[in-house]
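What the coordinates show
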Amino acid sequence: MSAQAPTLTKAAARSEPVAKKRSRPRRRRLGPGRPIPYGWAIGPVLLLAIWSAGSAAGFIDARNLSAPWTVVSTAGDLIAEGRLQSNLATSAERAALGLLFGTLAGLALAVVAGLSRLGEGIVDGPVQIKRAIPSLALIPLLILWFGIGESMKVITIALGVFVPVYIHTHNGLRTIDGRYAELAETVRLSRAGFVRHVVLPGALPGFLLGMRFAVTAAWLSLVVVEQVNATSGIGYMMELARTYGQTDIIIVGLVVYGLLGLISDALVRLVERKALSWRRTLAG
């Protein structure tokens, strides 16, 4: 009995680390995990699969929602006729001009309000009032002021763009650590140097976030203004198709709007990743 005791003791000693290893709790990752290659395409592909399956099985009435293959065929016909390209070029020009003017206005007002208490008192109140009034509600007034031409359409888009740019840029300016301003005063940095080296880098994350909302607002405003006495553009093409009950052309226009919004948002996110590569976030 005594001879077997050392043997049992050694066996128990060898098995003890194994038991501890097995009983050790498995560490759980709290973050979202590693980025999935082309993960942005999962949702749209899944939506397309459901749409295709519903159309093929007859669950979706073609009079209400054309099948994907019908939409693709219609898009090919529109491209062959040149209608899609010409209307797309007109829409892109309107959206680009509205985005440019709205971004410049929002950025300038945000800097004025963010760096001056007097500027904030003058600018912030009217902007908050405009924020509570949808840009589309101003269309009747804008038509009276500017007519139904291109100026009214571009201004409507710009009004929808400048608010998110102002809100997020202004918030980015106000959340800059006050110690940076104290440091700039200590080293006797000029006003222009303070804006260049402290203000603009500090407000950049907020500005880029505002741009993501701004590009979406530009396309949303464009959809409406192109259906107000327009003679060209994707919205005009869709409104004309509605008159004749051409559901497939309407779906083509919606797909184009969706792709334009997706591409523009992806471009802003790419710029954001490059410009803010120094930040470590859960997005990876």
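For the structure, check the block above.
Below: a short report on this structure.

This brings us to the nonpolar core. Judged by nonpolar contacts, the single largest core of 31 residues is most densely connected at Leu84, Leu222, Ile234 and Val252. Ranked by residues supplied to this core, first place goes to helix H9 (residues 191-225) with 9 residues. For Leu84, the residues in contact, after removing those within four places along its chain, are Ala75, Leu78, Ile79, Ile234, Met237, Val252 and Val256. Counting 8 residues, the second-largest nonpolar core is a separate cluster that includes Ala113, Val123, Val127 and Phe162.

Moving on: the pattern of salt bridges. Summed over all chains, the structure comprises 8 salt bridges. Between Arg94 and Glu226 there is a salt bridge, and its shortest N-O distance comes to 3.0 Å. Here Glu226 lies in the loop between H9 and helix H10 (234-243) and Arg94 lies in helix H4 (residues 83-115), a separation of 132 residues in the sequence. For the pair formed by Arg94 and Glu226, the shared burial category is buried. Measuring nitrogen to oxygen at the nearest pair gives 3.5 Å for the salt bridge that ties Glu120 to Arg117. Separated by 3 residues within a single helix, Glu120 and Arg117 lie in helix H5 (residues 117-132), roughly one turn from each other. Judged by relative accessible area, which is 66%, Arg117 ranks as exposed. When salt bridges with common partners are traced through the structure, they connect Arg94, Glu150 and Glu226 into a single cluster.

Inspection of every chain in the model, using the stated rule, returns 1 aromatic pair. Taking 6.4 Å as the distance between ring centres and 80° as the angle between the ring planes, the aromatic pair formed by Trp145 and Phe146 counts as edge-to-face. Residue Phe146 is classed as partly exposed on the basis of its relative accessible area, which comes to 39%.

Below, the discussion takes up the packing of H4 against H5. Orientation of H4 relative to H5, taken along the N-to-C sense of each, is 130°, at an axis distance of 6 Å. Taken together, the axes of H4 and H5 lie oblique to each other. Crossing of H4 against H5: the hand is left-handed. The residues of H5 that touch H4, namely those facing Leu109, Val112, Ala113 and Leu115, are Arg117, Gly119, Glu120, Val123 and Val127. For the contact of H4 with H5, the per-class residue count stands at 6 nonpolar, 1 polar and 2 charged.

A cluster of nonpolar side chains, namely Tyr38, Trp40, Val255, Leu259, Leu262, Ile263, Leu267 and Leu270, defines an oily patch on the protein surface of about 850 Å² accessible area. Among the structural elements, Leu259 can be located in helix H11 (residues 247-275). The class of Leu259 is partly exposed, set by a relative accessible area of 49%.

Definitions and limits used
Residues numbered from 1 in each chain as written. Predicted model: local features only at pLDDT ≥ 70, side-chain atom pairs only at ≥ 80, totals over all residues. Heavy atoms only, no water. Core = buried A, V, L, I, M, F, W, Y, C linked by side-chain atoms within 4.5 Å. Buried < 20%, exposed > 50% of the residue type's maximum accessible area, 1.4 Å probe, protein only. Helix = DSSP H or I, 4+ residues; strand = E, 2+ residues; numbered from the N terminus. Contact = heavy atoms within 4.5 Å. Salt bridge = Lys/Arg side-chain N within 4 Å of Asp/Glu carboxyl O. Phe/Tyr/Trp six-rings, centres within 6.5 Å; stacked < 30°, edge-to-face > 60°. Axes fitted to C-alpha atoms, helices over the stretch in contact; angles between N-to-C directions. Parallel < 35°, antiparallel > 145°, perpendicular 65-115°, else oblique. Left-handed = near helix turned anticlockwise from the far one by under 90°. Nonpolar A, V, L, I, M, F, W, Y, C, P; charged D, E, K, R; others polar. Patch = residues over 30% accessible without salt bridge, like charges linked within 9 Å, V, L, I, M, F, W, Y side chains within 5 Å. Areas by Shrake-Rupley, 256 points an atom, 1.4 Å probe, with all protein chains shown as cover.

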